[in-house]
There are 2 protein chains.
Amino acid sequence: MLDLEDYIRIIPDFPKPGVVFKDITPLLADKEASGQCLQELLNLVNGQKIDKVVGIESRGFFFGMLLAQNLNAGFVPVRKPGKLPYTTLLEPYQLEYGMDALEIHEDAISKGEKVLIHDDVLATGGTAKAVCNLVEKLGGEIVQCNFIMELSFLDGRDKLKRYDAFSVLQY
Amino acid sequence: MLDLEDYIRIIPDFPKPGVVFKDITPLLADKEASGQCLQELLNLVNGQKIDKVVGIESRGFFFGMLLAQNLNAGFVPVRKPGKLPYTTLLEPYQLEYGMDALEIHEDAISKGEKVLIHDDVLATGGTAKAVCNLVEKLGGEIVQCNFIMELSFLDGRDKLKRYDAFSVLQY
């Protein structure tokens, strides 16, 4: 077993001064490390039935599509406003300073479908919670939110209390 | 065998009037269709050895990572300027009106590595050619460029003459 933390590169002051960014590109570039990360994400799902994997733009797309194929599920991208071409639902959410929003195609999830939400990082939880709201507005049932990394000191888990939330790496 | 064209949704006037957008989200949402698309992309590679799959932001990320795992290769994202956190090479390229640019991490590819470049659509070829330039500046050897769709009327293939370029669907 590899220590996947060895494949996360620490970048100080990115994208702005004071932020310590965790770069997953060394993990993506290494086939054994990314294979193990995929397997650990699949282990978190623990055999539960999943109809759709929702991946959050854009680093959630990397493992989102891999999870979908390996879980025999469809894949649904959630994107920044204006990127999805068909009719969408939009969910605004709070940032540290100001607001942002995410969109999902209105036909992406059918009522009662079992949904796994995936992103690379759980930080403040605002993004993941907005995606949970979008999925539930479409009638989807959230089975789990999973992440490669969790920045525990940002307490993102508090916003996801109603859901099962797991991550491969904790900081 | 499914007809994958049935899973491409035609959206008139997106992202701007006069453009007919081909939406791959129905393909992503269907596990059989996306599984078949992956297999057809793998068939295009035809068993050639690949060290790194380069996926172009952001719709090239969907199948890029799947291709990498299935080819036992690493994955490298090429992104819009300012998105990659480590030291990058930047390649400007011409758009129909104006300029754009793409970046790659300078340590993403080692000299002599065999590279597959993947994106969802081959249109004018400007984006794919810029990525070929980045890969070659890092010393990578381009084995193939492959795409889900090719918009043949835009002659993108002319810009990729020096390379093997293939697509699953032709329009």
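Here we look at the state of the cysteines
All names here are of chain B. Tallied over the full model, the rule gives zero disulfides over all chains. Considering cysteine sulfurs only, Cys 145 is the nearest to Cys 37, which forms no disulfide, with 16 Å between them. Cysteine Cys 145 remains unbridged, with the sulfur of Cys 132 as its closest cysteine sulfur at 3.8 Å. Take Cys 145: its relative accessible area is 0%, and that puts it in the buried class.

Some points on the sheet that holds strand E8 (residues 141-150) of chain A
All names here are of chain A. One open sheet holds the five strands; their spatial order is E4-E3-E7-E8-E9, and the pairing between them is parallel. A single partner strand is all that each edge strand has here, and the edge strands are strand E4 (74-78) and strand E9 (165-170). Averaged over all pairs of adjacent strands, the angle between strand axes in this sheet comes to 20°, irrespective of strand direction. In the sheet, strand E3 (residues 52-56) pairs with strand E7 (residues 114-122) via four bridges, with the strands oriented parallel. Of the residues in E7, the one forming a bridge with Lys 52 is Val 115.

Focus on the confidence of the model for chain A
Confidence in the prediction of chain A, expressed as mean pLDDT, is 97, and 100% of residues score 70 or more. Reported confidences for the modelled complex are a pTM of 0.97 and an ipTM of 0.97.

Brief notes about the sheet that holds strand E9 (residues 165-170) of chain B
Residue and element names in this part refer to chain B. The five strands lie next to each other as E4-E3-E7-E8-E9, forming an open sheet whose pairing is parallel. Here the strands that pair on one side only, and so sit at the sheet edges, are strand E4 (74-78) and E9. Strand-to-strand twist of the sheet, defined as the mean angle between neighbouring strand axes without regard to direction, takes the value 20°. Pairing of strand E8 (residues 141-150) with E9, which is carried by five bridges, proceeds in the parallel orientation. Paired with Asn 146 across the strands is Phe 166, a residue of E9. With respect to the sheet, helix H2 (residues 31-45) is in contact with strand E7 (114-122), E8 and E9, its orientation differing from that of E8 by roughly 145°.

Concerning the pattern of salt bridges
Oppositely charged side chains can pair when the atoms bearing their charge come close. Scanning the model with the defined rule gives 22 salt bridges over all chains in all. A salt bridge links Lys 49 of chain A to Asp 51 of chain A; the nearest nitrogen and oxygen atoms lie 2.9 Å apart. For Lys 49 of chain A, a relative accessible area of 57% translates into the label exposed. Residue Glu 136 of chain B pairs with Arg 162 of chain B through a salt bridge whose shortest N-O separation is 3.2 Å. Highlighted residues: Glu 136 of chain B in helix H4 (residues 126-137) and Arg 162 of chain B in the loop between E8 and E9, separated in sequence by 26 residues. Judged by its relative accessible area of 30%, Glu 136 of chain B is partly exposed. The network of salt bridges with shared partners includes Arg 9 and Asp 23 of chain A together with Asp 107 of chain B.

Points about the environment of Ala 130 of chain B
Residue and element names in this part refer to chain B. Counting through the fold element by element, Ala 130 comes out in helix H4. For Ala 130, a relative accessible area of 2% corresponds to the buried category. Taking C-alpha positions, Ala 130 is 15 Å from Val 76, a pair spaced 54 residues apart along the chain. Residues in contact with Ala 130, not counting those within four places in the same chain, are Glu 91 and Tyr 93.

So, H4 of chain B
Residues and elements named next belong to chain B. An ideal rise of 1.5 Å per residue puts 16 Å on twelve residues; H4 measures up with 17 Å between its terminal C-alpha atoms. Of all the positions in H4, only Gly 126, Ala 128, Ala 130, Val 131, Cys 132, Asn 133, Leu 134 and Val 135 are classed as buried. Considering only its buried residues, H4 is in contact with strand E3 (52-56), E4, strand E5 (88-94), strand E6 (99-105), E7 and E8. With its phi angle positive at about 90°, Gly 139 sits one or two positions after the end of H4.

Reading the values: the criteria
- Residues numbered from 1 in each chain as written.
- Chains lettered and ligands numbered in written order.
- Predicted model: local features only at pLDDT ≥ 70, side-chain atom pairs only at ≥ 80, totals over all residues.
- Heavy atoms only, no water.
- Disulfide = S-S within 2.5 Å.
- Buried < 20%, exposed > 50% of the residue type's maximum accessible area, 1.4 Å probe, protein only.
- Pairing = 2+ DSSP bridges.
- Helix = DSSP H or I, 4+ residues; strand = E, 2+ residues; numbered from the N terminus.
- Axes fitted to C-alpha atoms, helices over the stretch in contact; angles between N-to-C directions.
- pLDDT = per-residue confidence, 0-100.
- Contact = heavy atoms within 4.5 Å.
- Salt bridge = Lys/Arg side-chain N within 4 Å of Asp/Glu carboxyl O.
- Expected span 1.5 Å × (residues − 1).

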